[in-house]
Every structure is written in structure tokens, then in C-alpha cells.
Amino acid sequence: MSNTLPKNFEPQQVEEKWYKHWTEQGYFNSTPDDRKPFTVVIPPPNVTGVLHMGHTLNETVQDVLVRKARMSGFNACWVPGSDHASIATEAKVVQLLEKEKGIKKQDLSREEFLKHAFEWKDKYGGIINHQIKKLGCSVDWNRVTFTMDDHYYQAVIKVFIDLYNKGLIYRGARMINWDPQAKTALSDEEVEYKDIQGKLYYVRYKVANGAGDESILIATQRPETIMGDTAVCVNPNDERYQHLKGKKVIVPLVNREVPVIFDEYVDPSFGTGALKVTPAHDINDYNLGLKHNLPAIDTLNEDGTLSAAAQVFVGMDRFEARKKAVEQLKAEGLLMKEEEYQTRLGFSQRTNAVVEPRISTQWFVKMREMADDALNAVTSGDVKIHPEERFLATYKYWLENVKDWCISRQLWWGQRIPAWYLPDGTFVVAATREEAFQEFQNQWAKAGNQSNSTANDHSPFTIDDLTQDEDVLDTWFSSWLWPIEVFNGISQPNNPDINYYYPTSVLVTGQDIIFFWVARMIMAGMEYMKEKPFEYVYFTGMVRDKQGRKMSKSLGNSPDLLELIDRFGADAVRFGIMISAPAGNDLLFDDSSCEQGKFFNNKIWNALKLLKMWETNGIASYDRSKEGFEKATFAATWFQARLNQVKNEVEALYKEFKLSEALKTIYSLIWDDFCSWYLEWVKPPFGQPIDQHLYNSTLDYFEQLMQLLHPFMPFVTEEIYHHLRDRENGNDLAISQFGDLGEQQAVVSSLQDNVVLLLGNSLKDAITAIRDVRNKNNMKPKDAIKLYIQSDNQKGYELVADILAKQVNADEVNFVADAVAGCITTVVGKDKFYIQSEVAVDANVQKDQLLKELEYQKGFLEAVNKKLSNERFVQNAKPEIVENERKKQNDAAQKIKAIEESLATLG
RNA sequence: GGGAGCAUAGCUCAGCUGGUUCAGAGCAUCUGCCUUACAAGCAGAGGGUCCGCGGUUCGAAUCCGUGUGCUCCCA
């Protein structure tokens, strides 16, 4: 331990040193034992991504909870890992291959592409882990899991097969959301809707065999889909179109005759009341088509260009085709009107391409039953959501209205769907080609095709005829197993880890993935573990910039985490994000809060320096009477009481997940109570030795404060912990247990905590009031005063008189029974303080102040009197309330008396 | 269109089951201090019709209704 501490706290060296030490000691590694587990699984970030401020918030919250649990007797286990993020990663790999190596995806085989993708993953996947380390996260690095690890891959396949066998997965042609850029299907949740200024086109459809120019006017937003029209629909009650019953109309551009159908679905007041029906390209039209048995003509290719079926504009992009279609309709005199129209369009969450409703054969999960289980888990209170009021309703609504989940993606990066096809299109679901072949044979045999010899393979197909489904599974179809499979719970059911760590304790995540992930994890948990995956879900808010804008790459308003850590230190960044993060609310993040954290580091560091200086100056052991001891150690007695009080407050705040409040409370305890009050109270005169009791107590308190703060700011606290006292190897704050430090209180006092706290408050109030007087009267800090106290509680003030004298620079403190002439008076509560000074004072200043106070107290008293004279109040209010009012009445009267007396002495 | 939430000091927010220890905190502002832990600091101070309007109540920032404004989710 050295006394040559640097002027300021230097985070860079300290952080690296401690993180290395903690991990080398294995403090973050967990294996099952007799203690209760506290399990957290990290929401796996995208493997190729970097941590943004949202992650920073999430990881910090988790680390706070995990460290707190580790220090509270739990076997804390925090599992890190990452997600393969199929669409996002594949898009990135495709893009980079083209840019860096000039390779196109279509020129690669599946195997070649995957090889590139894994290379990419190995190269960039480490960034996230590095960032998590830099932040100080206490994750178990022995448990790093990736959603494409072998065991995880197998688990996903196993679950797919199981759900298929249970009839919960099916394959079929449905209207799905198609991303023409990524060329894959999307789930409903992957589509984001935005308000767009569009146009409504009024197009004339001629009536077939109609008299002369007879036609029907149709309003559409998508004239480029006209070629796919297979009917025109009107409301059966619409007077205007009764005459069209049984008639046909001619679709423009392609001149196809289609029927006019009648359905109440059509809103007669919208547009012209006539709707063109394009079953292949609109979900509502699709449903109408099913109902009326209409053909669906798919006029689009998978990349969003027009297909041969469109007959015109073939190969043209859909938006280009829209322009052309409008031009041509105009030329043909069929376009009657264009009008501006506010509409909502679906965009792909990943590529931001306009999503195309498309009929396509995909794999789906039936959600109804599993959704019910997931709903029960939450409504029964088994899984508790924080903050509940905000998210419970959203959660319920989604689950009650859940639709089947489209899980197939036309991509290569991900778990390949374990379905095997024969050339005729029939398929089986099986983990391997061999199993699939066996299954086919069984089916073939069962169907009565008994082989006529002893040979076991007489089916008309060979194993080489089998082809595997080309598609992979939605990323979330693997993520939903996360809390189970990070402990190998699917691949090796009932292993010791899963039995010990599951269900996990708390899931910390953003509210934006409540459906994608949280709800589905609960489903998977209930389905495969018959138990919830976590006890609590804690939703953090969204991190926005100072102006309230969402942080995003395109706006460039998201700070780089490593750079922030570089500038402020990890503790300061953690402080910055936590201090501005009220539970569940969005938070406006600004660098300045990190700066505040840095200042805080420095403040603590300087308190350490002060203690080191005392050590150098010497420690004295005084012999004292009991009274003398209590007097000398009042500050310590008070701080002990205050510390106990705050510890309880913080504990309560943790229980409610009010982490930001907890940090504020600790911050204020350290800065205000410890540094500003306590240390000043016990500080010996310059160069003098400090009382041994006080010194030891101060060390104890400092230790406990560091322990209290450690979950939030692990590095600086660990560093200081080791500076405070010499520690044996293995005695580190990171694994210290709450309650173990400072249990044997250094200062034993006969005074009750609440008495001490009250007296402490009076002392603080008196100091502040007297300092205010000094300030207002322009006294220099060096100008000493003489102080006279007139109080009912002389005994109490005697105990703290030395502190008071020091804090207000009084060279004399006396107790008096009457007003002292020639003094400035200040009234604190019922007590009067007379300040005598050499400096000439302006009586008006304090007179004004006293008058102001008098006015307030009189108004206050009047209000109380009014209340107490109200019979209905006295009758109806609770007795203790009335009693309290009487007390207030009495207090106010006394205060007024004290002030008036003081005013009298001023003349 | 359906649902949820929010509105308190210049800014960001606390205020649990209604009652002047309830009108608060942190930033920001102003004043005075380079006091040998810390000027990245210390000591003080000022600042609010608790969004508008109704209601319930002895009593409303708090409960109810309504209007306005904002945010989010869903179609």
C-alpha cells in the first residue's frame, strides 16, 4: 500500500488489472452447489454486431443484479453468448463478400457460403465479448454459447421434429410477408408499419358486353397489380352497383374478363365502393378469393420484379411498373383521377424493403395452445413482469390474438429445416438423411407395398433420391430455447446444470422484443421444461439521445461504447447510463451523465486520499470518560445510523428493481452524508493525529460504502477497497458478502439510531442556517464568530457543540436562556442561535429573513387552525391525523414565538 | 380505427394506500470562496396555478370524469 496516490482516479490501468484478477480467480464462474442459484442469461446480441447504448444499459442492469446477488449469498451465474441472427448476418456476409472479394452469393454453393459466414463470425464475433469485458460484466466465460453451436443446432432440430410430430408444425401455402430484397419470408413480427404518403388511383374497368361505354370506377393504391386481378367486388347493399349482378368486367392492361362479385367486406364509403380483387397480392383479397373461389395470379417474382404471369412490364421492378401502368392507363383514357392518400406500408425490419404480401409454401408453428400456456404463466403471477402495468396488457393482447408463426426463411445461415423430400414432393421430417430414408421406407411398407423378398430395401427410391429442404429456420426459433439450451436442457434433458439453474431468476431485456422473444421463451419453457424460463422479466426502456430521438446508426447519434469508456472509464459509463434510467421508462442519454460519473469516481478517490493523509499524520488513542467518548464519536455514531438506514432503503429499492433510485441514494450517501458531512465532522485540525476510534470507524464505513456501490461501479470500489486496508489473497470486494463487513460496529453507543438521526438533522440544519447567515452578512470563512444557543435540547446540542463550532467557525459556543443582545439571530425549528461577530452586520438583512419566515409560519398556522376548527375534519379524519395537526399547531406557535422574540431584540 | 402510457422547477425525473416532515432530487442558473482530499471542488441561494375544466371528499399533485398535447404498441 502506497501513500503516493495519483491526484485523480485513473480508470484505464485499474480496470484492466481488476477484470483480469477477477476472471483469473474464477469469481464469475459458477457450478452447481448447495447455495441458491441466481441465474441470468444474457439476451444474446447479434454475433456480428457491436454493443450500442441499449445493450450497455441492459448489460449494466444485469451486472448490477448479478453482482448484488453474488454478494448476497447466491451462486450467481450469468451466461454470455450471441445469436446467429440469420437475416441480418446473412445480409451482411453477402454484402461484404461482394464488396471485399467480388464474390456473389449465387456463385457459391451452400457449403462454400457457410464457410465464409463462419469465417466472418470468427473474425467479428469477438468484438461483443471484448466490449462486455470492458464494461466489467461478471459473466461466466466458461459458458459462452452461440445459437449455432453444435449442441444448440441439434436442440433446435430436435424441437422442430418434436413439434412436427405433435402436429404443432405444419407446411402449407399461405399468404405471408415477403421481403423482396432478402428474398425470404418473414414472420408478422418482422414487419414494421410506417405511415406513408401514397396515391389513390381511380381506374375505369369496362363492363364486358356492356352498353356502349359502360364501366365501373375502381380506386386502388397499387395499379401495378391490376394484371393479377381476378374479380371486382362491391357491397351487395350498394344501390349503385345492383345492375352489375352476374356481369363481367374487363381488367385493363391485360384485357381479361373477370366476374363482379358481391361481398359485405367492401366498405361502400371508401373510394368508389368498388374493389379490385387481387388474391395473390393482398391479404384481404386473398381471403375474399378463398371465399369466392377465385384464382390467384401471382404477377411478381421473388425479387419484386413482375413475372411472366403479369403479361406486361415483365421483369420490371414493381415500383417502376407502377409508374408505367399509370402512364399506360392514362394513355388509354382509363385513369380518371389521382388523389393523395395517407396509408400504412409494411417494411422489413432487417432490410427496410417494402414487404410484399405473397402466397407461398412455408413452415408454420401453431401458436394457440402454446400461447395459452404462456399467457397463464404470466396472468397467474408465476412470471412477474416489471414494470407490470405497462406491459402486461400488451403481452396479453398479443397472445390472445396470436397467429401462426411462419418459421421458414429462404436463407442459408441458420438451422436447416430437417425435412426430406422425394422427387414427387412427398416429405418426411427427420434429423438425418438416414432416419428420413428409414421413415420413408416405413411409410412405404405401411401403405401395403410389402416387399417380396428378404432384402430390406425394395422401395422404388434410394437414399440418394432424398433432398433436404433448402430453407433455414427463423432466428427466433432458436432464440426461444435460449434459457434452456445454454444449459443443454434440450440436448441433454435433466443434466445437473439445467436442473440447478433453471428456471432462471430474471430476464433483462428491451420492451421491443416482448413478442419476438420473451413470449416465445415462455412458450418454449412451458412446453419443454413444464416450467417458466424466468421468475422476473425486467423491461428496460429505450435509449434515446438528448433530443429524445431513438439512437440509430443512420442518425449517427449513438455513441461508441469503447470510446466512451476510454473517455470516462467503465465505472463512469455504468454510472451515467444507470443514473438516467428510471425503471421501464425510455431514457435520454447524454455524455454529461458519464461525466458526472467520472466526477463521482474522483470524489471517492479524494476521500481515500484524505484518509491516507490522516494515516500519515498519525492516529491517537485518547482516554475518555463515557460522556467524552460519546461526544468525540458522535459523528461516527450518526453515520453508522445513517448507513443502516440507507442500506435498508437500498435493499427495498432493489426488490422493486428501482436501480436508478438505488444508485442515486448511494451516490447521495457517499457524496453528501459521508464526504460533505461526516468526513468534515471527523477531520482533525491540519497536521493533528486522528482519534483511533474515529479512524477505524471511518475505514469500516468507507469499506461498507464501497461494498454498497460495488454492483454499480465495480472497478473503482475494488481498487479503493484494496487501498483502505491490506488484504489477504482472495479477499476481494467482488465476492465479499453483505453483512460481513462492519458487522461489529466500531463505535458502540447507548443512543438509539432514531435519536441520533434526529440530532444529526438538527445539527445539519443549524450548520446550514448559520452558514447562510454568514454568507448573507458577507462574513469571510476566516472570520470567527461566537455562538449562543437557546434551546430546550441543550443536552443534545452539547453532544455536537464541538462539531457545530468547527463547521461554522465559532471559537466559542455557549448556552443561554434568554436572547443575547447585539447578535444576529437565526431560528432553526424551536431553537434560536445568536451569532456574535466582529464584522459589521446589516440588521435589515436578517430582519427581512425573519419576517419572511414569520409570514410563512403564520400562514401555516392559520391553515392548521382552520383545519382544526372545522368540525367535520375533526370528526372524520383519522385520530392520528388530527393529533398530528395539533402537534403542528403547537410547533408552529412556538416557532412564531421564537421568531417574534428574535425580532424584538433587533428593535 | 383499437389498446396502453405519459403531462410536476429551464431540462430529466421522484412523489407508495388522498392529510404542510409533500411540493422534492439531480443537472442547469445565481452569489461567495483557489479553506493543504477534491475548482472535476466547497459553502449558500433563487426557481413550480403539480397541463385545462368539472366532480368525489372535511381535505386532491395523488381518486373519478372530461378536454388538450405527446409517446408507444396493434390493425
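Residues numbered from 1 in each chain as written. Chains lettered and ligands numbered in written order. Predicted model: local features only at pLDDT ≥ 70, side-chain atom pairs only at ≥ 80, totals over all residues. Heavy atoms only, no water.

Okay, the domain arrangement of chain A next. Split into domains, chain A comes out as domain 1 (34-161 + 476-578), domain 2 (195-351), domain 3 (591-783) and domain 4 (842-906). Each of domain 1 and domain 2 has a C-alpha centre, and the two are 45 Å apart. (Domains from an automatic or database assignment.)

For the rest of this paragraph, the subject is the protein's contact with RNA strand B. Surveying the vicinity of RNA strand B reveals 42 residues, the closest of which are Arg-344, Lys-603, Asn-606, Trp-671 and Lys-888. A share of 61% of the atoms of RNA strand B within 4 Å of the protein falls on sugar and phosphate groups. Asn-602 places a polar side-chain atom, nitrogen or oxygen, 3.4 Å from a base nitrogen of RNA strand B. In the model, a phosphate oxygen of RNA strand B is placed 2.7 Å from a nitrogen or oxygen of the Lys-603 side chain. If you list the elements that add at least two residues to the surface near RNA strand B, you get α10 (388-400), α18 (591-617), α21 (659-682), α24 (753-776), α26 (843-869), α27 (871-876) and α28 (879-906). With nine residues, α18 is the largest single contributor of residues to the surface near RNA strand B. Residues that form the surface near RNA strand B fall into these classes: 16 nonpolar, eleven polar and 15 charged. (Near = heavy atom within 4 Å. Polar contact = N/O pair within 3.5 Å; in protein donor to acceptor, adjacent residues only side chain to side chain. Helix = DSSP H or I, 4+ residues; strand = E, 2+ residues; numbered from the N terminus. Nonpolar A, V, L, I, M, F, W, Y, C, P; charged D, E, K, R; others polar.)

For the rest of this paragraph, the subject is the nonpolar core. For soluble globular proteins, the rule of thumb is that nonpolar side chains tend to be buried together. Phe-477 and Phe-712 are the most contacted members of the largest nonpolar core, which totals 190 residues. At 14 residues, the largest contribution of residues to this core is made by α21. Counting residues domain by domain, this core receives three or more from each of domain 1 (34-161 + 476-578) and domain 3 (591-783). For Phe-712, the contacting residues outside a window of four places in its chain are Val-64, Arg-574, Met-578, Tyr-654, Leu-659, Ala-662, Leu-663 and Ile-666. Counting residues in each nonpolar core, the second largest holds 30 residues, with Val-203, Tyr-205, Val-249 and Val-251 among its members. (Core = buried A, V, L, I, M, F, W, Y, C linked by side-chain atoms within 4.5 Å. Buried < 20%, exposed > 50% of the residue type's maximum accessible area, 1.4 Å probe, protein only. Contact = heavy atoms within 4.5 Å.)

Another point: the pattern of salt bridges. Within this structure, the stated rule accounts for 45 salt bridges. Between Arg-358 and Asp-298 there is a salt bridge; the shortest N-O distance is 3.9 Å. Of this pair, Arg-358 sits in strand β14 (residues 356-365) while Asp-298 is found in the loop between α7 (283-292) and α8 (318-331), placing the two residues 60 residues apart along the sequence. Connected through salt bridges with shared partners, the residues Arg-222, Glu-224, Arg-318, Arg-322 and Glu-356 form a single ionic network. (Salt bridge = Lys/Arg side-chain N within 4 Å of Asp/Glu carboxyl O.)

Time to look at unusual backbone geometry. In this chain, Tyr-502 is followed by Pro-503 through a cis amide linkage whose omega measures -5°. When you line up the elements, Pro-503 lands in the loop between α14 (496-501) and β22 (504-510). Although it is not a glycine, Ala-85 sits at a positive phi angle of roughly 45°. Structurally, Ala-85 is set in the loop between β3 (81-82) and α3 (86-101). On the basis of relative accessible area, Ala-85 is assigned to the buried category, the value being 5%.

Now for the sheet that holds β14. An order of β6-β5-β14-β16 is seen for the four strands of this open sheet, with the pairing classed as antiparallel. One side of each edge strand has no neighbouring strand; the edge strands of this open sheet are β6 (184-186) and β16 (405-406). In terms of strand pairing, strand β5 (residues 169-179) meets β6 through three bridges, oriented antiparallel. Along β6, the bridge assignment pairs Asp-179 with Thr-184. Packed onto the sheet, α7 meets β5 and β14 and runs at close to 135° relative to β5. (Pairing = 2+ DSSP bridges. Axes fitted to C-alpha atoms, helices over the stretch in contact; angles between N-to-C directions.)

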